[in-house]
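# Observations on the three-dimensional arrangement
The lines below spell out each chain.
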Amino acid sequence: MDSKKINLNHIAIIMDGNGRWAQDKGLERTQGHAAGELSLSRTIHWALENNIKWLTVYAFSTENWMRSSDEVEFLMFFNRDLLTRRRDEFNKLGVRFHFLGDLEDNKIPNENKVLMLETEKITSSNTELNLVFAFNYGSKTEIHSSVQKFIDANKVNVGIEFIESEFRNYMYIPNMPDPDLLIRTAGEQRLSNFLLYQLSYTELMFFETLWPEFGDKELNQAVEEFSKRKRTYGKA
Ligand code: IPE
Ligand code: IPE
Ligand code: MG
């Protein structure tokens, strides 16, 4: 697959279905999250092999705090454990980590914050793949906080054209290109507060496969389907 030829620069994924995967097997929901690590690692390797430059994965939403305290605690632990165990491996492969979300939120344990900042720093000169972890991410919060930052920085009556050209500079990752392809696993067909602004012209694809079973076969299928889609951006 030639990602440049088919203009596939950025893939975003809503990794859904970990809980159902575990429950179907009579396991705890948290074991589903643990099993999802393998799918994530497979997807990162696939992205590297296929010369995808940006991969954004939805790891924890601003709404996920509403889950049981046991599950939230596990997810916080799991995210830092995963980073600690695997960042060297991905660093060596040229992966640059970014974290997208309200990272200053008091609800996020301090150890997670330190680790995320450190990981961004350590990998900041890598160029093979930009891996964006959407963590404590909510699109509405992102837009509201960008508006606030925009107002604070400009304090003047600016025109709509200025807002159109400058607004992105106040979003969480200003230089992140919009996704070309969004994949959501596990059958749900909704965005769940993910990248509402950035997905305005993204191709959407939904898979029944639960995240822990998602792999190269589905990724290749998605690319094949993507290459057949005609993106007209409003033009006829
Ligand atoms: C997605 O799987 C992972 C996170 C939201 C962290 P879910 O935990 O939402 O799995 P289901 O949807 O309950 O099966
Ligand atoms: C979206 O999945 C969030 C992540 C994948 C991190 P959810 O499972 O939380 O979304 P809903 O509840 O189905 O909308
Ligand atoms: Mg879910």
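A short tour of the structure in this document, coming up.

Cut-offs applied
- Residues numbered from 1 in each chain as written.
- Chains lettered and ligands numbered in written order.
- Predicted model: local features only at pLDDT ≥ 70, side-chain atom pairs only at ≥ 80, totals over all residues.
- Heavy atoms only, no water.
- Pairing = 2+ DSSP bridges.
- Helix = DSSP H or I, 4+ residues; strand = E, 2+ residues; numbered from the N terminus.
- Axes fitted to C-alpha atoms, helices over the stretch in contact; angles between N-to-C directions.
- Contact = heavy atoms within 4.5 Å.
- Near = heavy atom within 4 Å.
- Polar contact = N/O pair within 3.5 Å; in protein donor to acceptor, adjacent residues only side chain to side chain.
- Areas by Shrake-Rupley, 256 points an atom, 1.4 Å probe, with all protein chains shown as cover.
- Nonpolar A, V, L, I, M, F, W, Y, C, P; charged D, E, K, R; others polar.

## Observations concerning the sheet that holds strand E1 (residues 10-14)
Strand order in the open sheet formed by six strands is E3-E4-E2-E1-E5-E6, with parallel pairing between adjacent strands. Only two strands of the sheet have a single partner each, and these edge strands are strand E3 (95-100) and strand E6 (203-206). Taking each pair of neighbouring strands and ignoring which way they run, the sheet shows an average axis angle of 20°. The pairing of strand E2 (residues 54-61) with strand E4 (residues 129-137) spans seven bridges and is parallel. Paired with Ser61 across the bridge in E4 is Tyr137. Here helix H3 (residues 69-92) sits on the sheet in contact with E2, E3 and E4, set at roughly 155° to E3.

## Focus on the site of ligand 1
Residues in contact with ligand 1, as listed here, are Met15, Asp16, Gly17, Asn18, Gly19, Arg20, Arg29, His33, Ala59, Asn64 and Arg67. Asn18 is positioned with one of its backbone polar atoms (N or O) 3.1 Å from an oxygen atom of ligand 1. At a separation of 2.7 Å, an oxygen atom of ligand 1 approaches a polar side-chain atom of Arg67. Calculation on ligand 1 without its partners gives an accessible area of 380 Å², and the protein chains cover 86% of this total. The set of elements that each furnish at least two residues to the shell around ligand 1 consists of helix H1 (18-24) and helix H2 (29-49). For the shell around ligand 1, the class distribution of residues is two nonpolar, five polar and four charged.

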